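Chain residues, written in single-letter form:
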Amino acid sequence: MKEPDDQDTDEGKSDRSQSDGRQSSKSETKSHTKETLGESTDETVTEGEESHLEEEGSDLENVEGSSGSSEYDFSASTRTPQEPPAQAEEEAEDEVKKKISESFFYEYNELASVPFVTPDSDIPLDFLELVHSFGYDCRKRANLQVLDSETLMYIAGNQLILLNIKTKEQIYLRSSSGEGIGAIGVHPQKTYFTVAEKGSFPKIIIYEYPSLRPYRILRDGTEKAYAYVGFNCTGALLASIGSYPDYTLTIWNWKEEQPVLRTKAFSQEVFKVTFNPEDEQQLTTSGSGHIKFWEMAFTFTGLKLQGSLGRFGKTATTDIEGYMELPDGKVLSGSEWGNLLLWEGSLIKVELCRTGTKSCHHGPINQIMLDEGEVITAGSDGCVRIWDFETIDTADTVDETGLLEIEPINELQVGKNVNLFSMIKMNETGNNFWLAQDANGAIWKLDLSFSNITQDPECLFSFHHGAIEALAVSPVTYLMVTTALDCSIRIYDFASKIPLAQMKFKQGGTALTWAPRTVNYPGAQIVVGFEDGVVRILELYDPKGLTIFTGRKKILDADIYFKQVFKPHTAQVTALAYDRDGEILATGSKDHTVFFFEVDKNCKPIGYIKTPGPVCQLIWSTLSHPESTLLIICENGYILQAPYPPISEEENNHDAHSYEIKDMPIRYFHFSSVKSKILRSIEIEKREKQKELKAKEREARRRKLTEEMGEDGEKALQEEEKEEEEEAEQEEEEEPLPEIFFPPIPSPILCGFYSEPDKFWVSLGGYDSGFLYHCEFPPYDQNSDFKAQKDEPFDYCFLEDTEDNPIQTITFSVDQSMMFCGMRNGAIRVYVLNQNDLSLSSLQHYWQFSVHDNNYGCVKRISTSFDDRFLVTAGADSNIFVFNIFSEFMLKKVTKAKVPSPRLGIEAEPVPEDIEDPKAYSIENARRKREHDKLMKEVEEIKAGKREKIQALRNEFQKLLKMNKELPEHMQFKRTDFNIDSEIRAEINRKTVYKIQQVEKELAWEKEKCELGLKKLQRRFRDSLESDVIVVHAIQSEHKISSYRLVKPSKYSKLKQTSQSDRRLSKVDRLEKEGPVKRDSQKDTGGSIGIQEESKIDKRIILRPKTLSEIMVENQIEKTKKLMLKAERAQLKILQRKKEWEELYRSKPHDDYEDPKDVQAIKEAQVFMGDFNLKTASDYKIPEHMRINAAKKEEELGHLDSLVYKKKVHMNKSILSLRDFKVAVVEEIQCLVQEVKTIQSTLHISKHIPIPPIPQIHSEEVPEKRFKFDEETLIKFKQHKLKSHIEKPSQAEQVTHGVLGGKDGDLTTRDSSFRFPRGPRLSSDLQDEFEKAEPTDVELEIMKRDEVKHVYMQQYLVNRIKELMVTFDAELRLLRHQKLKLDTQMKLSDLHHVTLFQEILLLKNFEKQENILQERVNSLDKEEQDMQWKISETLKEMEEKKNEIIKLQEQEKALYAGFQTALGENNKFANFLMKVLKKKIKRAKKREVEGDVDEDEESDESNDDESSLEDDEDESESEAEVLDDSICPTGCDAALFELALQLREKRLDIEEALVEEKKIVDNLKKEYDTLSKKVKVVAMNLMTAEEALEAYQREKQQQLNEVLVVIPLKLHQIEYMVLGEIPSDLSGSLVFSNQSLGRLQERIVQLQEENTRQQKLNKECRERRKMLIREKREMAKNIQKMEQTVCQLMVSKFGRVIDLEALQTLSVNTTLEELKIKKLRKELMNAKEMKMWEQKIAQARWELMMKTKEHTKKLHQMNDLCIEKKKLDSRLNTLQNQQGNAFQGPRKADIVARKQITELIQAQAEKISALKEEIALLRKKGGLLLPPIQSAQNE
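Residues numbered from 1 in each chain as written. Predicted model: local features only at pLDDT ≥ 70, side-chain atom pairs only at ≥ 80, totals over all residues. Heavy atoms only, no water.

Peer 1: How do you make sense of the pattern of salt bridges when you look at a structure like this?
Peer 2: A side chain with one charge may pair with a side chain of the opposite charge, provided their charged atoms come close. With the rule as written, the count across this model stands at 46 salt bridges. The salt bridge involving E321 is made with R141; its shortest N-O contact spans 2.9 Å. Here the residue E321 occupies a position in the loop between β18 (302-309) and β19 (323-325), and R141 occupies one in the loop between β2 (128-133) and β3 (145-146), the gap between them amounting to 180 residues. Under the relative-accessibility criterion, E321 is labelled buried at 17%. By relative accessible area, R141 is classed as partly exposed at 29%. Put simply, R385 and D381 hold a salt bridge, and the shortest N to O gap is 3.4 Å. It is possible to trace a salt-bridge network through shared partners that takes in R141, E269 and E321. (Salt bridge = Lys/Arg side-chain N within 4 Å of Asp/Glu carboxyl O. Helix = DSSP H or I, 4+ residues; strand = E, 2+ residues; numbered from the N terminus. Buried < 20%, exposed > 50% of the residue type's maximum accessible area, 1.4 Å probe, protein only.)

Below, the structure is given as structure tokens:
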């Protein structure tokens, strides 16, 4: 082994693996040194890492017997001495800091497992040398890897095989553990490959390629075995998955032999682990019912693996074999049902299937790959499908099912019965070749280029798949034959290492034997047993020895001839054996039988015997035995010995009913378990030996003590002996001997062989494994019950290490010096024996080596070549190994097997008919069937004789009945007289009824089944029909016409397009449409109601009497109303005029205005006119109205279907009416024929005219009667069916025609019989009456007249019949001509239907993506419209706010102007009052009652406003003095001062409103800017989306253009000529309709005329425009002159230019008039109130006088009470004083009332003074009218 440069010392620590005990000491030392070096790689230790420097004791199991200890001693004896622990620790600490050298390699010979040889034996280690492997474990996952373009790598049991594809050479690498290989992997750069093994704590060995030197070893990654390994994309990391029980996922830094991360992957089997090629921090694992997504994440504790388990949700849980990581992190996996699952996160995003919800593959998807932007899937259905990556990457669900339908780009069907398990790409530049692992036993080479030169799939290698069931070796040459349950037989030349031939059958093979030379001297005959009980004899020959014919294909090296076949068994054939003389062939089966055949007579059956259990092995005795006997070994513990079967000399023994041999003296051995007894005896011997050793030790001590101590020593020794005896007794009590145990289920017998006559060895499994048992048959006893007997072996042989690993099969060398054993764990064990030592007395030393898989590679068969040079093994792991057996005289030359030459005439022999049906009769069942058939034939003959006798008696009885009828009535016997016993007949009737009931019960299920079947047929084929085909035949010609077979309308014809006019308006639309009308109507009704109420009130007022004051008030009101009405009318007139002007200016077009009609016309011209590109052009833009989708196409197809349906229905109705017309014609002709016959009966025969034949109604013309039947029809059908079996078969149509014709004839003649029932009878009666008398002359004359009349009527009726026929035929031909035209149209419609349907399928493929794009365009368009609406609303709101600002500014100007007018001229306080008005003061913010604004925000706003106002105030008030506006200055008018204060409040309100409005305008501007930017972004996105949609529409149009359209044309319709001839290629022509062509030609003339008209119109419009411009200038001059005139008139009349509108509207002061009316009414009310109060005062005075009188009378009483009151005064003095104080002084209520009245009087006085001032102003000329003072009025 090559050592690293920085390491010189070796360590002697033992390896941690328990399976390395058999390896040399050097490998252990070096491997542990490598472990120590592995620790020095990483400076930072992450979680999951373990130190390899810790010492662990090797947990060696104690193996029973001497082999375990000797093996351990042997391994230990070869080890080098260990170094001291302290020194090792120091060296380890020094080397932790070092790294493994990149040039460091291990030694392969030190790592590879070696055979085990018992110590002290002369058996060499290279006793068997692996020569070749013919098998392949095709069902192992990822068991095919590519190292380079010529080298493959796969696992074969305990070997790794490197196979050269071209030379077929194999290189073998043995496993290091000797317990198998779990998985393999290849580095991305193909420079390394990894071998992950099985065993206890197995290793992962990385080999360098092509040197094949071990480079790195990874340890402690799992407990038992590895399931999968894989490198990352760069090859720096390696991921491994363990199998049961830990399922550990480990990430390795493999170059440093260090685990990076480790965790448990899942609790069930994990199939695969891979890195994400785009992100190495992500991994994926999949397995049984799960998929898991991993990520390497840094946490606060370090780097960890975090796994997320995939949740299937609504999808069924499935095992996941294949998956693939996508670049964006999504994962695409397969499923058991063949669909693809797209995972995003840990959820299934979408499930992918093919169109029609068909699965992507029929069965599980085993592998998914991404190659050159395409997704490749390989499935168990043998298909490789290529999918579009973009489609899969962007896939998403479209409905609740979660399915998305896609179609593969390409598809390759590798072959029939192919199960693709894995695929890997070959490294060939310029080619797209892949190698595929076929789970059905093959390796394929696939070309996935999908081009014109793509090669067909090539099968490079073919193998058995599944366990190899049987193997046999030629007795002549180096040939072997194998079979398995894969239904194939394969021949190999194991010396030349080539497969020769193979043959396939319907069932799998289970047993094989090669016929000895005594049977077939060339050694060419092979006998094969199959799982269905069939035995086939094959013959191998060299086809080169046959006659060669010209043109024959390549001649093979060998071929197989199918010679003979027979079926002796009904179950699987398990054993085949020829006797020692080659005369008898014995076959055993699981059906508990052994069959014997005579070989010399072409394998004639001799007979069979029954066995008590399934047969597992047949062995004939050798020549050393005195008699030829057959050893039959059964699985359930029975061993039988059958003698040579008796051979009958008769050629055909017809008397025998069965092949069973009943009197054969068979000896039975029923094995009884003795293992527990053997173990008990071994334990007893062991304890006795221990006692003897202890006794010897005691004796030695006694002698020693006696010599040293004398008597004292003897006493001490006696005491010790007593103590030891007590301890021994206690041990015996504590440790009882093993109990005798018998397994409840007998252990199965695996194999056996003869040792001596009547003696044999057997190997058992189960509890009794671990020994070979030597048994002997008991003496034959015919009367003994073999099932009750229990036999024990008389000897046994212990086998080391076979307690759980029994021997499965045994074979001997030719000289019987070696015994080869195949073990259950796949190992080969070879015992070296003495010559012919079948008693196994020398069974001691052995050689053992693990070859097949240790878990499932049980050795099924093992055999040596005819010369003991080669050993061949076959295992359950599909592997077949060939070994060279060690020999001192080994031949060095290359050997080759010789294929037997063909027999003479073998090519002319007929191939026997094979038995392919697994349910075919066996030989025994066939004989029993023949006997049963023979017996049944005899019984049937007896029954036939009885029936003939009964029939003869019935005929005789019928004759008697006939004779009885011929007798006179009084002599006839009654029918009841023939009943001899009435009870017998009653009993017969009862039995008949009972039998009928039984038959009905028996046939009830069949009846129900037939009825249901009939209903299903009707539902499937009849219910969908609306009308069946009716064929109407002409009467006098062969013409006929058939109706259309109409089914119910398709789903497309039911589709109806909802027109815009039929669409129901939404609620919003209805409200918008009806809203203005309703509001106007409500206003009108409200106005009318108000007018009615006012009229009612007026009427009530008119009815009351009026006073003079009221009349004065009314007059004043009327006068004011008239003035106001006049002003309102003038204002309305002004407003109307303004509105008209606004509308006029609004209607004025802009300079760039265009007429909408012209715009529409230009748009139509752009769309429908111009030089348009063809639809095939690359820049063709599809107009909006011409865009088509699947729905529109379905509507078009539905419209076509409905039109076709209507036309067909119309034609069917015409044909049906024609059929009814024919029926009427036939009925009428029948009546006419009956009348003609009646007339002809009165005429002489010479005057008869031939009557035309009556036309028949064919069955095709009344198809509805086809399904109408009665019992008579069924009976006729049954009779006809019986006749067809006896006589010549007749067609079923004739029966139907006859039945229907008869029924129609009955129907048609019935009416005629009713119509003329008495005609013939009347004529015959008259004839009979007048026959006797001779006619007179008058009667003769009458008769002549009648004759003439009858002749005329006869001719007339015949002509009428012909006329009816001709008329009907003419109608039929006319309708037939119409139908032919319609047929032409229907064919064209069918062609159009096909085209439309193809377009629909195409459009549906585009529909999903188109809908997505269209929805995006619609959403963006809607978003743009919403934003445009918001922008327009914002602009409107901004305009409104600006108008409000202008109004507020105008109000402020008006306020200042009004105040200036109120001040008047030369007012000395004008400056002071103006400052008071303009003063900026701080006011509290007006809070809304229900406002939601926070106080802080309000205070901030008020502060901002105040600060701004203060700034303005500071700027405006430059004076230093402080203005006091709380007191009116002396001399200043108080009213003006109050007016200034009030106007200031108004000014402040206006300013606050202005500030708020300006803020709103600013916010609206910001919102407008934001919306404008968003609109631009949305417009760009919309443009991009529309371009994408347009491109997709163009792509869709291109696909539609590729749909072929069939248009039938006649020659005269083709106008495309080249040199006067029609060209052969019409691809460049254009198909155009004549109507469209004519329309285009007419359009050319129309456009020319239109062009002339437009030019003329353009000239007229130009002249008119010039005239209008001239008139506009003149009108502007006139307007200017009139405005000057108006101004002059205003100045002359009013002294200045005034506003006429204000003058007209202010003709009356409404406020003053209202105040006057109020004053008048108040005065009237006060006068009334004064009068009322005067009356009340007079009444009160009178009442006062009456009360005074009354009080005077009571004063006297009061005096009396005063005395008493004085007495109480002293007591109540204090109380009266306290209570009286509360009522002293004026009352609070009086004070408040007096104050309110004072304030009211002051307010009224101010108001009066204000009104007086206003009246004074109004009286002045040119006085300005101010608005009324609202504040005082409101108060």
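Peer 1: What am I meant to see in the sheet that holds strand β25 (residues 383-388) here?
Peer 2: Pairing between the strands of a sheet comes from backbone hydrogen bonds, and it takes one of two forms, parallel or antiparallel. Here we have four strands laid out as an open sheet, ordered β23-β24-β25-β27, and antiparallel in their pairing. Only two strands of the sheet have a single neighbouring strand rather than two, namely β23 (365-371) and β27 (410-413). Strand after strand, the sheet turns through a mean of 15° between neighbouring axes, direction not considered. Here six bridges tie β23 to strand β24 (residues 374-379), and the two strands are oriented antiparallel to one another. The partner of Q367 across the bridge, within β24, is A378. (Pairing = 2+ DSSP bridges. Axes fitted to C-alpha atoms, helices over the stretch in contact; angles between N-to-C directions.)

Peer 1: Explanation requested: the side chain of D868 in the structure shown.
Peer 2: When you line up the elements, D868 lands in the loop between β56 (859-864) and β57 (870-875). One buried charged residue, D868, forms no salt bridge at all, with the nearest opposite charge on R869 at 11 Å. There is a polar contact of 2.8 Å between the side chain of D868 and the backbone nitrogen of V814. Ignoring any residue separated from it by four or fewer positions in sequence, one finds D868 in contact with S813, V814, D815 and I885. (Lys, Arg positive; Asp, Glu negative; His and termini not counted. Polar contact = N/O pair within 3.5 Å; in protein donor to acceptor, adjacent residues only side chain to side chain. Contact = heavy atoms within 4.5 Å.)

Peer 1: Help me understand the pairing of strand β46 (residues 638-642), please; the structure alone is not making it clear to me.
Peer 2: Look at any regular strand and the pattern is simple: side chains alternate between the two faces of the sheet. Among the five residues of β46, five are classified as buried, and the element is accordingly described as predominantly covered. Side chains Y638, L640 and A642 of β46 all project onto a buried face; the interleaved residues I639 and Q641 project onto the opposite face, where all are buried too. Bridge count between strand β45 (residues 630-634) and β46: four bridges; the pairing is antiparallel. Across the sheet, residue I632 finds its bridge partner in β46, namely L640. Counted along the chain from β45 to the antiparallel partner β46, the turn is three residues long, and its residue G637 has a positive phi close to 100°.

Peer 1: Looking at this model, I keep getting lost on a positive patch on the surface. Mind explaining?
Peer 2: Together, R1662, R1665, K1666, R1670, R1673, K1677 and K1681 make up a region of like positive charge exposed at the surface. Its location among the elements puts R1670 in helix α22 (residues 1634-1694). (Patch = residues over 30% accessible without salt bridge, like charges linked within 9 Å, V, L, I, M, F, W, Y side chains within 5 Å. Areas by Shrake-Rupley, 256 points an atom, 1.4 Å probe, with all protein chains shown as cover. Charge placed at Lys NZ, Arg CZ, Asp CG, Glu CD.)

Peer 1: Mind showing me how you'd approach the sheet that holds strand β53 (residues 818-823) here?
Peer 2: Overall, antiparallel pairing links the five strands, which are arranged β1-β55-β54-β53-β52 in an open sheet. The two strands at the open ends of the sheet, each matched to only one other strand, are β1 (116-117) and β52 (807-812). By the bridge criterion, two bridges tie β1 to strand β55 (residues 846-850) in an arrangement that is antiparallel. Looking at the pairing, F116 lines up with Q848 of β55.

Peer 1: Teacher, can you tell me more about the confidence of the model for the protein here?
Peer 2: Interpreting fine coordinate detail is not advised for predicted regions of low pLDDT. Put simply, the protein has an average pLDDT of 80, and 82% of its residues get 70 or more. Here residues 1486-1521 is modelled with pLDDT under 50, and outside its nearest four sequence neighbours on either side it reaches 21 contacts, counting other chains as well. In this model, residues 1829-1835 is a region of pLDDT below 50 whose contacts with residues beyond four sequence positions or in other chains number five contacts. (pLDDT = per-residue confidence, 0-100.)

Peer 1: Hey, could you run me through the packing of aromatic side chains in this one?
Peer 2: Two numbers describe a pair of aromatic rings. These are the distance of the centres and the angle of the planes. Here the structure, examined in full by the defined rule, presents 43 aromatic pairs. An aromatic cluster of at least three residues, connected via ring pairs, comprises F105, Y192, Y215, F231 and W254. The lysine or arginine in question, R927, covers the ring of Y659, its NZ or CZ lying 3.7 Å from the ring centre. Taking NZ or CZ as reference, K1379 lies 4.6 Å from the ring centre of Y1044, over its face. (Phe/Tyr/Trp six-rings, centres within 6.5 Å; stacked < 30°, edge-to-face > 60°. Lys NZ or Arg CZ within 6 Å of the ring centre and 35° of its normal.)

Peer 1: Got a minute to help me understand the packing of helix α18 (residues 1337-1463) against helix α21 (residues 1534-1601) in this structure?
Peer 2: For any two helices packed against each other, the geometry comes down to the angle between their axes and how far apart the axes lie. For the pair α18 and α21, interaxial distance at closest approach is 6 Å and the crossing angle is 165°. The angle between α18 and α21 falls in the class roughly antiparallel. Crossing hand, α18 versus α21: left-handed. Classifying every residue of the contact of α18 with α21 by side-chain character gives 38 nonpolar, 11 polar and 22 charged. (Parallel < 35°, antiparallel > 145°, perpendicular 65-115°, else oblique. Left-handed = near helix turned anticlockwise from the far one by under 90°. Nonpolar A, V, L, I, M, F, W, Y, C, P; charged D, E, K, R; others polar.)

Peer 1: Before we go on, may I ask you to explain the environment of S121 in this structure?
Peer 2: Here S121 is to be found in the loop between β1 and β2. With a relative accessible area of 17%, S121 lands in the buried category. Taking the C-alpha atoms as reference points, S121 and W847, separated by 726 residues in sequence, lie 9.3 Å from one another. Among the polar contacts listed, one links the side chain of S121 to the backbone oxygen of T118, at a separation of 2.6 Å.

Peer 1: What's the story with helix α8 (residues 923-966) in this structure? I'm lost.
Peer 2: In this model α8 runs 64 Å from its N-terminal to its C-terminal C-alpha over 44 residues, within 8% of the 64 Å that 1.5 Å per residue would give. All of the buried residues along α8 are I923, E924, R927, E931, L961 and N964. Buried residues in α8 make contact with β39 (559-566), β42 (593-598) and β43 (604-610). (Expected span 1.5 Å × (residues − 1).)

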